[in-house]
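Structural features, examined
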Amino acid sequence: MLFRRSCTYNVEQSTRHYAKSAVTLCNLGVGATFGESVLHDLPRDSTVVTKTTCELLRVEQQDFRLIWEKNKELMNDIFTNCKLKNGFGPTVQASAAATSPTKRPLSPDHPNPALPITETPSPAMNRMGWALRILLVADNSSCLKDRKVSGKLIRKCAPGTELVDWLVNLSPIVHTRAQAAGMWQALVEEGVLAHVNKEQPFKDKCFLYRFRLDEEGGTAAAGVPQAEDLGAANEHIREGLSALFQRGPDATLRMILRKPSHERTSEELELVFEELVHIAALSHLSTSIKRELSSIFVFEAHAQAGTILFNQGDEGRSWYILLKGSVDVVIHGKGTVATLKTGDDFGKLALINDAPRAATIVLKENNCHLLRVDKEHFNRILRDVEANTLRLQEHGKDVLVLERVAKQRGQHSAFKYTVMSGTPAKMLEHLLETRLGQSVGGMDPFLDDFLLTHIVFMPVVQLVDELANYFHCDAHEDAQTPEDREYIINFKKRVIQFMQKWVMAVRHAAFEEPSVCDFIEDLAAEVEADPDLNEETSIVHNVLTQMARYQEDRNQNAGQKWKLPPNGQPICLFSGNATPSKTVIRPDDDIIFRVYCADHTYCTLRFPMHTTAELIKACAADKLQLNRGPEDLVLVEVKSNGERSVFKDNDVSIPTGLSLNGRLFVSVKDHLDALTQLQEQEGPTEGVDIDLEILSTKELAYHITLFEWDLFWAVHEYELLYHTFGRHHFGKITANLDVFLRRFNEVQYWIVTELVSTPSLSKRVGLVRKFIKLAAYCKEYQNLNAFFAVVMGLSNMAVSRLQQTWEKIPSKFRKIFQEFEALIDPSRNHRAYRVFVGKLQPPLIPFMPLLLKDMTFAHEGNKTSLDGLVNFEKMHMMAQTMRTIRFCRSRSLGLEPPSPKSEGEVRSYISSFRVIDNQRVLTAMSQKVEPTRKL
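Residues numbered from 1 in each chain as written. Predicted model: local features only at pLDDT ≥ 70, side-chain atom pairs only at ≥ 80, totals over all residues. Heavy atoms only, no water.

1. Overview of the overall build of the chain
- Across its full length, the chain carries 34 helices and 24 strands.
- Taking all 935 residues of the chain together, the buried fraction comes to 46%.
- Relative to all contacts within the chain whose residues are 6 or more apart in sequence, the contacts with residues 24 or more apart total 70%. (Helix = DSSP H or I, 4+ residues; strand = E, 2+ residues; numbered from the N terminus. Buried < 20%, exposed > 50% of the residue type's maximum accessible area, 1.4 Å probe, protein only. Contact = heavy atoms within 4.5 Å.)

This is the structure we're talking about:
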């Protein structure tokens, strides 16, 4: 609308000027176009005056730019044709070209995704290309043939579809056509394979591709391969195909980022967005901005170290993020002032301030990869974000910031705005007024985010007080109009619905605060007494039923007592019986544990789980007769490797937070260096001694999964928040999460301990095979936590160095293990695992350390408060991870039990493994069973 008004004003001014000295350049008729100078923010270079009554179609600047970006060639043709129609001949056109509004491009055009990103292929990719070509040429039914294209003979080329077919059939590790296409693209981007006309990246279509070797010709490309070459190629494929498989997803991503924005499909944009979510330099940006960036980020590759990306004093044209490599920041007169590494960004300041570059950027190493956003797009995004932002103010201050929801293709949202930030009270008011009382299917994402994370910014007591104020808003009103009464009843209904959604979202945790139970009973009494609330009776009864179940369960388990055994075993019930299925550790449960002092004497204490470190150290010091004031003492964990970790005085859940084989000490602050680990800490924890060879591997995996499912089931989503922000901030325990995390380490080090404790080479070989099969069964049962633990145990340095053992492992098992290692590969933020787990359906046990990493990433990369308002975008990111936990156990576990052979023994064995977690000790034991070979 602003553009429209200014245009009207210019026409009026121009009319007066026209009457005095204007020269008519041309007359425009029906179908003519004008005004394209808005594309580049340039002033109008002529005046347009209506001669008759006119009807026009107008395109706003922002929309015009989007159309131009997607259809540059077509739009150029239209403008050229229109100029000729309007009377501008070649002479005028040449003159116009001199003053054309088209600016010099702000940065290089989109790189061609069909071309290599390196000057020469890496040796590994060159060798892989050679091996694949040898097998293709040797295959008589191969797709690699001489073909005629447009009358020209192209030697040894093949369609993309047939290359994908061949690769999928070559190896079982390639499960999908998309994976195969990604692997071929990895060869294309290194120049090992290429489109015959250098016009296309690799596509699973009928485009023709050929190997670099065939382009160059020569003896290496001619004839049928020798038997020796064929054998070498087969061996190389067996050993190296998994490495190409791992490179496929990254190559696909780089190919997408080298395509023009308008050619990226919705699936490709989603893939880019998923990558951007995990880039630290973008963590502070909203989801909507990241989605915008998904379509405009451009990939750049620079082969040579020493290349200058831009010079100090240059115009700021682009913002960069380092994906791979490093750059030096050089300032005149000072030299190199900083070195930026992978994940760092630079160049944004010059764009924001519209100022010259403040430093020169020089590539420090070869083959640097960067993401680039050009100035035009950068500024457009900032403008669009502000245009789509709605700010609600009270007393001149922002209290709620909303952002318009962008419609995603194929998706429908019942809400036009999402909450970006706000005061806790205003966000609750917004929820009650706009997100409840509507017939919308499922849980509203904003409501769910609020219920999962409100404890960070709005404690339960405060939330209940606010809800009570809304529910009793009529308490002080004597006379009410029918409209007032209707409004009040509707608000009461929304509060009741909020309570129902709260209980659905967080389950028993909603009832742990007494004020919540009191409020629910208050609601029930009022609903019973008010006929206008009859429709809500069933909702309230359902909530009361849930609360009664919680209280009954709590009463049944009151006085529950746990113990932390002295010899490193995991926590267990004091009764000595096996821990009942799905037993939750509660804050007021007692736990019995030992606390040592520097001379290794100890006392045994019994405290509730929620007891603070300060109270534990004071009681231990008294029992151990340490005559020091509490301010001089600290509570410390001494780990099996001698490391010391000091607890904060207000920390809770202390005994369950100890590491494997860790011990609790109380010490004078100044004497921490005198603390040493106990002798038994260097040995294994106590566990059932059994010959693993007699146990069925599948039965072992089955019972491990059942055992760990119960541990996982006991972990509440809130515990992830307590762990991330710090238990001491909430005064809440994370005992169930602690036990589950400890289990991961226990399984991992159990694998290592068993292998380095086995002196017989043949038995070690048998154990490695058994553990690879165990990982396979855990993967089949979707116990990914145990799967990771087993594979990481086999990858431990003390195991991987056992060359004699691994040499005797059959190639079939080594290949399976390589696939498993590819799946747990941490590169690209565990991309391989995320893609795999994204295709699974519940029930499953996720890799918990990665979920905690995501929580920490969201926490440390984003402020909790922005300008005095809760940063709700951060809450949304954390709630997404918490919802993963909910999704994984949204169905009950119902595994088909294997034929039982020794069920009792297996269940007893897997509940407490013999474990050494001191890496130095494990490495020494590994050296003992297999001394390092002398060269």
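2. Remarks on the sheet that holds strand E13 (residues 389-394)
- Strand order in the open sheet formed by five strands is E13-E14-E15-E24-E23, and the pairing between neighbours is antiparallel. Because the sheet does not close on itself, it has two edges, and the strands there are E13 and strand E23 (865-866).
- Here E23 pairs with strand E24 (residues 869-871) via two bridges, running antiparallel. Looking at E24, one finds that Ser-865 is bridged to Val-870. (Pairing = 2+ DSSP bridges.)

3. A closer look at the pairing of strand E8 (residues 327-331)
- Pairing analysis gives five bridges linking E8 to strand E9 (residues 335-340), with the strands arranged antiparallel. Directly across from Ile-331, in E9, lies its bridge partner Gly-335.
- Between E8 and E9, which pair antiparallel in sequence order, lie three residues; one of them, Gly-333, sits at a positive phi of approximately 85°.
- One ladder, built from four bridges, connects E8 with strand E11 (residues 360-363); its direction is antiparallel. Directly across from Val-330, in E11, lies its bridge partner Thr-360.

4. Focus: the environment of Gly-313
- Relative to the helices and strands, Gly-313 resides in the loop between strand E6 (308-310) and strand E7 (318-324).
- Sequence-wise, Gly-313 and Ala-355 are 42 residues apart; in three dimensions their C-alpha atoms are separated by 8.6 Å.

5. Brief notes about the packing of aromatic side chains
- Under the counting rule described, the total for this entry stands at 36 aromatic pairs.
- With centroids separated by 6.3 Å and ring planes inclined at 45°, the aromatic side chains of Phe-297 and Trp-319 adopt a geometry described as tilted. One end of the pair, Phe-297, is in the loop between helix H11 (287-296) and strand E5 (298-302); the other, Trp-319, is in strand E7, and 22 residues separate them in sequence. There is no split in this pair, since Phe-297 and Trp-319 are both buried.
- Look at Phe-787 and Phe-788: their rings are 6.2 Å apart centre to centre, the planes differ by 80°, and that puts the pair in the edge-to-face class.
- Chaining the aromatic ring pairs together yields one cluster made of Phe-446, Phe-450, Phe-457, Phe-498, Trp-502 and Phe-872.
- Over the face of the ring belonging to Phe-310 we find Arg-357, whose NZ or CZ atom lies 4.0 Å from the ring centre. (Phe/Tyr/Trp six-rings, centres within 6.5 Å; stacked < 30°, edge-to-face > 60°. Lys NZ or Arg CZ within 6 Å of the ring centre and 35° of its normal.)

6. Focus: the packing of helix H14 (residues 424-434) against helix H16 (residues 460-471)
- Direction vectors running N to C along H14 and H16 enclose 50°, while the axes themselves pass 11 Å from each other. Relative to H16, the element H14 lies oblique. Crossing angle aside, the handedness with which H14 passes H16 is right-handed. Within the contact between the two elements, H14 uses Pro-424, Ala-425, Leu-428, Glu-429 and Leu-432 and H16 uses Gln-462, Leu-463, Glu-466, Leu-467 and Tyr-470. (Axes fitted to C-alpha atoms, helices over the stretch in contact; angles between N-to-C directions. Parallel < 35°, antiparallel > 145°, perpendicular 65-115°, else oblique. Left-handed = near helix turned anticlockwise from the far one by under 90°.)

7. Brief notes about the packing of helix H24 (residues 735-756) against helix H25 (residues 761-780)
- It is the contact of H24 with H25, at a shortest axis distance of 9 Å, that shows an interaxial angle of 160°. Comparing the axis directions of H24 and H25 gives the class roughly antiparallel. Crossing angle aside, the handedness with which H24 passes H25 is right-handed. In this structure, H24 uses Trp-750, Ile-751, Glu-754 and Leu-755 to contact H25, whose residues at the interface are Arg-764, Leu-767, Val-768, Phe-771 and Leu-774.
- Residues of the contact of H24 with H25, tallied by class, amount to seven nonpolar, no polar and two charged. (Nonpolar A, V, L, I, M, F, W, Y, C, P; charged D, E, K, R; others polar.)

8. With respect to the sheet that holds E11
- Read across the sheet, four strands follow the order E6-E11-E8-E9 without closing on themselves; strand pairing throughout is antiparallel. In this open sheet, the two edge strands, each paired with only one partner strand, are E6 and E9. This sheet shows a mean twist of 30° between the axes of neighbouring strands, independent of strand direction.

9. Considerations on the pattern of salt bridges
- In this structure the tally under the stated criterion is 42 salt bridges.
- Measuring nitrogen to oxygen at the nearest pair gives 3.8 Å for the salt bridge that ties Arg-743 to Glu-746. With Arg-743 and Glu-746 both in helix H24, this residue pair falls three residues apart, about one helical turn. Here Arg-743 and Glu-746 have matching classes, each one buried.
- Among the charged side chains, a salt-bridge network with shared partners connects Asp-448, Asp-449, Arg-883 and Arg-886. (Salt bridge = Lys/Arg side-chain N within 4 Å of Asp/Glu carboxyl O.)

10. Focus: the environment of Asn-353
- Inspection of the secondary structure puts Asn-353 in helix H12 (residues 348-353).
- Residue classification places Asn-353 among the partly exposed positions, given a relative accessible area of 48%.
- Here the alpha-carbon distance between Asn-353 and Gly-316, two residues 37 residues apart in the chain, equals 9.3 Å.

11. Considering the nonpolar core
- Of all hydrophobic cores here, the largest spans 159 residues; its most connected members are Phe-498, Trp-502 and Trp-750.
- Counting residues in each nonpolar core, the second largest holds 34 residues, with Leu-135, Val-174, Ile-237 and Leu-241 among its members. (Core = buried A, V, L, I, M, F, W, Y, C linked by side-chain atoms within 4.5 Å.)

12. What to know about the environment of Val-48
- In this fold, Val-48 is placed in the loop between helix H1 (2-21) and helix H2 (61-70).
- By relative accessible area, which is 38% here, Val-48 ends up partly exposed.

13. A look at the pairing of E7
- The element E7 is largely enclosed, with a buried count of six among its seven residues.
- Where E7 lies against strand E12 (residues 368-374), six bridges are found, and the strand directions are antiparallel. Within E12, the position partnered with Tyr-320 by the bridge is Arg-372.
- The sheet contact formed by E7 and strand E10 (residues 345-346) spans two bridges and is antiparallel. By the bridge assignment, Tyr-320 is partnered in E10 with Phe-346.

14. Remarks on a nonpolar patch on the surface
- Taken together, the side chains of Leu-28, Phe-34, Val-48 and Leu-56 define a hydrophobic patch exposed on the protein surface, amounting to about 370 Å² of accessible area.
- Summarising the element assignment, Leu-28 is placed in the loop between H1 and H2.
- In this structure Leu-28 comes out as partly exposed when scored by relative accessible area, which is 37%. (Patch = residues over 30% accessible without salt bridge, like charges linked within 9 Å, V, L, I, M, F, W, Y side chains within 5 Å. Areas by Shrake-Rupley, 256 points an atom, 1.4 Å probe, with all protein chains shown as cover.)

15. A closer look at unusual backbone geometry
- Here Pro-842 and Pro-843 are connected by a cis peptide whose omega angle stands at 5°.
- Its location among the elements puts Pro-843 in the loop between helix H30 (827-837) and helix H31 (848-860).
- Here Ser-653, not a glycine, exhibits a phi torsion of approximately 55°, which is positive.
- Among the residues examined, Ser-653 registers a relative accessible area of 0% and is labelled buried.
- Unusually for a residue other than glycine, Asp-867 sits at a positive phi of about 55°.
- Relative to the helices and strands, Asp-867 resides in the loop between E23 and E24.
- Given a relative accessible area of 82%, Asp-867 falls into the exposed group.

16. Considering helix H6 (residues 160-170)
- Along H6, the positions that sit buried rather than exposed are Gly-160, Thr-161, Leu-163, Val-164, Trp-166 and Leu-167.
- Lining the buried residues of H6 we find helix H5 (123-138), strand E2 (152-159), helix H7 (177-188), strand E3 (193-195) and strand E4 (208-211).

17. A few points about the side chain of Asp-374
- Looking at where Asp-374 falls in the secondary structure, it is placed in strand E12.
- For Asp-374, a relative accessible area of 12% puts it in the buried group.
- A polar atom in the side chain of Asp-374 sits 2.8 Å from the side chain of Arg-372. (Polar contact = N/O pair within 3.5 Å; in protein donor to acceptor, adjacent residues only side chain to side chain.)

18. Points about the confidence of the model for the chain
- Residue-level pLDDT values for the chain average 86, and 89% of them are 70 or greater.
- Considering only residues more than four positions removed or in separate chains, one finds that residues 1-20, a stretch of pLDDT under 50, has ten contacts.
- Taken together, the stretch residues 89-108 has pLDDT below 50 and engages in 17 contacts with residues farther than four places along the chain or on a different chain. (pLDDT = per-residue confidence, 0-100.)

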